[in-house]
Amino acid sequence: MAIKNYEPNMVLATTEYEVVGTRPVRHDGTDKVTGRAQYGADFTSTGLIFGAVLRSPHAHARIRSIDVSKAEAQPGVLAAVTAKDFPRSDASPDEYVQLGELNTRLGYLRDNILASDKTLYKGQPVAAVAAANAHVAHEALALIEVDYEVLPSVLTAPDGMKDDAPILHDHLKTEELGELTDRVSNVAQHFQHVLGNLEEGLAEADVVIEREFDTATVHQGYIEPHNATAFWNKDGKVTIWCSTQGPFEVRDASAASLNLDIADIKLVPMEIGGGFGGKFEPYGAPVAAMLSKKTGHTVKIIMSRAEDLQGTGPTPGSNLRIKMGATRDGKITAAQAHLAFEAGAFPGSPVGAAAMTVFAAYDVPNVVIDGYDVVVNKPKSGAYRAPGATQAAFGVETVIDEIAEKLGHDPIELRLMNAAKEGTRRADGPINPKIGCVEVLEAMRDHPHYNAPLEGPNRGRGVAVGFWINGAGASACTIMVNPDGSLTLSEGSADIGGTRTSVAMQAAEVLGIPVEKINPQVVDTDSVGYTSGTGGSSVTFKAGWTAYEAANDIKRQMIDRASKIWEVEPDTLDLQAGEITSKVDSELRMSFAELAGQLNDTGGPVVGSCSLTPPAIGGAYAGSIVDVEVDPETGKVTVLRFTCVQDAGKAIHPSYVEGQMQGGSVQGIGWGLNEEYFMNEAGGMMNSSLLDYRMPVSLDVPMIDTVIVEVPSATHPYGARGVGEVNIVTPPAAIANGIYRAVNIRMEKLPMNPGAVVEAVWKNGG
Amino acid sequence: MPTVHIPSLMQKLTDGRSTVQVEGATVRQVINNLDEAHPGMKERLVAGHKIKPNISVAVDGVVSAMGMLEKVGEDSEVFFLPAIGGGAA
């Protein structure tokens, strides 16, 4: 092993391109730094009125009646709606609609928009009003009379699984991979993955470690709260303006809940102030649409921060039991996981993804994984950056660290000895394609941070490595050639992390032109083919791929057009570095711009297009190295130094990759040390403001150093892998391992806030 | 002949067997043939003309985006697994 001279931000590039891999200025940068960019709350129009939503004060209650008559009679109020105003209130609970990577039942979708017969979490929408201004609308909510029968609530997965737990859904029976069991239960789903023979693997082991872990509910904490504005035209056509990660998913969910044809709804995506997985659900859009239908006005609904925290989908709390065994020489022989995830009020926790990722960093021959999706009286869980993987990694990476310690191995070397490689089969079935787990671990091992001395009392260094599967989905793109040789690119993916530019760069690379010559636009749902949402670290991968193919379409058409002008065969021509040239006649050459000026006279405009669903996805690995200092008196954990190492496949725009790595790491630090839904016994969130829901600020974290590893994905044209999520997977586990090295305590709960650390120190006799 | 790996919770339909070999050039054909040999399989896996929304299929180690239409080779391995819940970021 040799310590490498890594700079603070390092790209270990394996392939060089002209445009891909450079760092141009983002196309939307000027609008965003000057405040001109239009976010959801910025939308305005003539006749705009405002909606407000009444939310359940109870975590679990039956709705006996709702009376909105007094609110409707209030001066300034124009309309009120409840679930009864929505069509298809009798939809079968078994009817599914797809939202991003999440499938949900129509009945659940509808009840999460406006509750019908029961409320299942505090903050669930119950009714809404529209008024001439937002103040009147909010005041009118107090005039709505709801008669509740308050029911006992249940707030954690282990409690929800008990035989005597309060039941949330009278019809919900546990499903075991397509088979419904007979018993009504809060366990919506149980599944099991089996590989090899667990008992034999455990019998081979010289060391077996088993621990139980609990993680708290945490929120994505995006800057911009949810918002939606809608106008229901007299012709039955609806336009929705909102900031969302899934314009097409929200359009489709709105159509389903309003019983409209999809073609009747146009969703105009506004700029989005962060999402991290939390902006796929429709929430206010169908309510605003229904209020617009009743009033004839355009209706805007904007959530407050408290509404956002209590009424949108956080990532769930979980209960994990992890058991792993290894031989004396460090070979892991067996692994077992019990994963129970809170789904929130409706089924659909990320426990499936947790099971896919939990042991995915390792080549373990004998594995059993049991997953449970458990409904509880909390908001319906949403996605959050590598959903499920962070919870799982907290458990497994703590146990791995303990095995390394018991066996006297360096924690990174033990991981390397057991690292997953190309060809390793995961317990859930898939066989790894080309992956970068080993390369990430080697970069961590060789990093100056890992090899620097760490002196002083109560200080420790922790490491962890993790996996995220990455998503893809359908994507569509068109590129128009303008007469001056510039191009206009239309795509359907909301741009959260600079993807206008990273997508356009892949088209520019094909055509050999500067990316500044391309004007990338995120367009409305009527103007581009279906594009799955900005989630699963998918956009640069899938939309970049479509842009690559659309640019190749243009390349073919431009060569064909030049062949007509020169009266030569197309296969004798080439388009490189922004120039059309002949392979056989050096006199024949014409710039891309020159040819673009002749298109209308040689057959008409050139438009390239592509729509595809990528056939395979390149999963990604990342690791954290963290130095912490623990104050054993107060329990405060200070992060002294942090390095994130991640396989990007090929970093299309390294600055944006580094930004994702730093952002994910900071969110992971917050998840590890501070953030939680602090619930009272009645199921109310007690810290529903950003003053009390403590996310890290710049003073809480050091500069996050990054190392981008490049092990190209075998499928993507430039080898790119999704980069947005895997960086959040390992920080809590690495911090936990650092705390152990600092004060000799194994943390088994998230967050590891001062109270939890002090309690653990006391329990340890300290 | 393709090999279908049967999830542990479905093995009561295959008399406890964890793998079954059935003919089929697509996932649709494999499921139809699987159901003939082991009745009840199709009901567990398919709704209408599609794989159930909470189930994914992996062919030769790769989770398929094509579902029932995915091609299956003579020596392919077919896995059925829970679809990812909770979406993305």
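Residues numbered from 1 in each chain as written. Chains lettered and ligands numbered in written order. Predicted model: local features only at pLDDT ≥ 70, side-chain atom pairs only at ≥ 80, totals over all residues.

Caption draft 1: Region of the structure containing the overall build of chain B. Looking only at helices and strands, chain B has two helices and seven strands in total. Of the regular secondary structure in chain B, the N- to C-terminal order runs β-β-α-α-β-β-β-β-β. Over its C-alpha trace chain B gives a radius of gyration of 12 Å, about what one expects of a compact globule, namely 12 Å for 89 residues. Each of the three principal axes of chain B carries a C-alpha extent, and together these read 40 × 25 × 25 Å. Looking at chain B as a whole, 48% of its 89 residues are labelled buried. Counting only contacts in chain B whose residues sit at least 6 apart along the sequence, the fraction spanning at least 24 positions is 41%. (Helix = DSSP H or I, 4+ residues; strand = E, 2+ residues; numbered from the N terminus. Rg over C-alpha atoms; globule rule 2.2 N^0.38 Å. Buried ≥ 20, exposed ≤ 12 C-beta atoms within 10 Å, placed from the backbone. Contact = placed C-beta atoms within 7 Å.)

Caption draft 2: Structural detail: the overall build of chain A. The helix and strand tally for chain A stands at 20 helices and 32 strands. In summary, chain A has a C-alpha radius of gyration of 27 Å against a globular reference of 27 Å for 766 residues, a match within 12%. Dimensions of chain A, computed from C-alpha atoms along their principal axes, come out at roughly 85 × 75 × 50 Å. When each of the 766 residues of chain A is scored for burial, the buried share is 58%. Considering only intrachain contacts with a sequence separation of at least 6, the fraction spanning at least 24 residues in chain A is 80%.

Caption draft 3: Main features of helix H11 (residues 389-407) of chain A. All names here are of chain A. With 19 residues, H11 extends 26 Å from end C-alpha to end C-alpha; this agrees with the ideal 27 Å at 1.5 Å per step. Most of H11 sits out of view: 15 of its 19 residues are buried. Just downstream of H11 lies Gly408, where phi reads positive at about 75°. (Expected span 1.5 Å × (residues − 1).)

Caption draft 4: Expanded view of the sheet that holds strand E28 (residues 607-612) of chain A. All names here are of chain A. In spatial order, the strands read E24-E23-E22-E28; together these four strands make up an open sheet with mixed pairing. A single partner strand is all that each edge strand has here, and the edge strands are strand E24 (518-522) and E28. Within this sheet the neighbouring strands show an average axis-to-axis angle of 15°, counted without direction. (Pairing = 2+ DSSP bridges. Axes fitted to C-alpha atoms, helices over the stretch in contact; angles between N-to-C directions.)

Caption draft 5: Examining helix H1 (residues 27-37) of chain B more closely. Residue and element names in this part refer to chain B. Val27, Val30, Ile31, Asn33 and Leu34 are the residues of H1 that are buried. Across the axial projection of H1, the buried residues extend over an arc of 170°, all falling on one side. Buried residues belonging to H1 abut strand E1 (3-5), strand E2 (19-21), helix H2 (41-45), strand E3 (46-47), strand E5 (55-59) and strand E7 (77-82). (Arc of directions from axis to C-beta.)

Caption draft 6: Layout of the packing of helix H18 (residues 654-673) of chain A against helix H19 (residues 731-743) of chain A. Residues and elements named next belong to chain A. Relative to each other, H18 and H19 sit at 55°, their axes nearing to 7 Å. Taken together, the axes of H18 and H19 are oblique relative to one another. H19 is crossed by H18, and the crossing has right-handed handedness. Along the contact surface, H18 presents Ser665, Gly668, Ile669, Trp671, Gly672 and Leu673, while H19 presents Pro731, Pro732 and Ile735. Its residues assigned to classes, the contact of H18 with H19 shows six nonpolar, three polar and no charged. (Parallel < 35°, antiparallel > 145°, perpendicular 65-115°, else oblique. Left-handed = near helix turned anticlockwise from the far one by under 90°. Nonpolar A, V, L, I, M, F, W, Y, C, P; charged D, E, K, R; others polar.)

Caption draft 7: Quick peek at the domain arrangement of chain A. Residue and element names in this part refer to chain A. Splitting chain A by domain gives domain 1 (43-151 + 221-311) and domain 2 (472-612). Contacts between the two partners involve 18 residues from domain 1 and, on the opposite side, 14 residues from domain 2. Of all the secondary-structure elements, those providing two or more residues to the side of domain 1 that touches domain 2 are helix H7 (247-258) and strand E16 (265-269). Partitioning the side of domain 1 that touches domain 2 into residue classes produces seven nonpolar, seven polar and four charged. (Domains from an automatic or database assignment.)

Caption draft 8: Quick peek at the pairing of strand E3 (residues 61-67) of chain A. Residues and elements named next belong to chain A. By the bridge criterion, six bridges tie E3 to strand E9 (residues 145-150) in an arrangement that is antiparallel. Paired with Asp67 across the bridge in E9 is Glu145. When E3 meets strand E7 (residues 118-119), the two strands line up antiparallel, connected through two bridges. Among the inter-strand pairings, Arg62 is bridged to a residue of E7, identified as Lys118.

Caption draft 9: The arrangement of the interface of chain A and chain B in detail. Listed as interface residues are 46 residues of chain A and, on the opposing side, 26 residues of chain B. For the side of chain A that touches chain B, the secondary structure elements donating two or more residues are strand E5 (96-99), strand E6 (102-105), strand E12 (187-195) and helix H10 (351-357) of chain A. Its residues placed into classes, the side of chain A that touches chain B shows 19 nonpolar, 20 polar and seven charged.

Caption draft 10: Seen up close, the environment of Gly395(A). Residues and elements named next belong to chain A. Tracing the sequence through the fold places Gly395 in helix H11. With 117 residues separating them along the chain, Gly395 and Gly278 place their C-alpha atoms 24 Å apart. Those residues within four positions of Gly395 in sequence are excluded, and the remaining contacts are Phe213, Leu320 and Ile322.

Caption draft 11: Highlighting the sheet that holds strand E6 (residues 62-63) of chain B. Residue and element names in this part refer to chain B. Spatially, five strands are ordered E2-E1-E7-E5-E6 in an open sheet, and the strand pairing comes out mixed. If you trace the sheet from one side to the other, it starts and ends with E2 and E6, each paired once. Alignment of E5 against E7, held across five bridges, turns out to be antiparallel. Bridge pairing in E7 links Ser56 to Leu81.

Caption draft 12: Up close: unusual backbone geometry. All names here are of chain A. The omega angle of the peptide bond from Leu750 to Pro751 is 0°, so this bond is cis rather than trans. When you line up the elements, Pro751 lands in the loop between strand E32 (749-750) and helix H20 (754-763). You will see that Tyr283, though not glycine, has its phi angle at about 40°, which is positive. Mapped onto the secondary structure, Tyr283 falls in the loop between E16 and helix H8 (284-295). Residue class for Tyr283 comes out buried when judged on the 27 C-beta atoms lying within 10 Å of it. One non-glycine residue with positive phi stands out, namely Asn744, at about 65°.

Caption draft 13: Quick look at the environment of Ser713(A). All names here are of chain A. Assignment of secondary structure puts Ser713 in the loop between strand E31 (704-709) and H19. Sequence separation between Ser713 and Ile735 is 22 residues, and the spatial gap between their C-alpha atoms is 29 Å. Non-local contacts of Ser713, meaning those with residues more than four positions away in its chain, are made with Lys434, Gly618, Gly649, Gly719, Ala720 and Arg721.

Caption draft 14: Local environment of the nonpolar core. Formed by 226 residues in total, the largest nonpolar core has its most connected members in Val129(A), Leu339(A), Ala507(A) and Ile739(A). Apart from the residues within four sequence positions on either side, Leu339(A) is in contact with Ser318(A), Leu320(A), Val351(A), Ala354(A), Ala355(A), Val358(A), Ile369(A), Asp370(A), Gly371(A), Tyr372(A) and Ala392(A). In this structure, Leu13(B), Val20(B), Val63(B) and Phe79(B) belong to the second largest nonpolar core, which totals 27 residues. (Core = buried A, V, L, I, M, F, W, Y, C linked by C-beta atoms within 7 Å.)

Caption draft 15: Layout of the environment of Asp484(A). Residue and element names in this part refer to chain A. Relative to the helices and strands, Asp484 resides in the loop between strand E22 (475-481) and strand E23 (487-491). Overall, Asp484 belongs to the exposed group, with 11 C-beta atoms counted inside 10 Å. For the pair Asp484 and Thr357, spaced 127 residues apart in sequence, the C-alpha to C-alpha distance is 49 Å. Ignoring sequence-local partners within four residues, the contact set of Asp484 consists of Ala593, Ala596 and Gly597.

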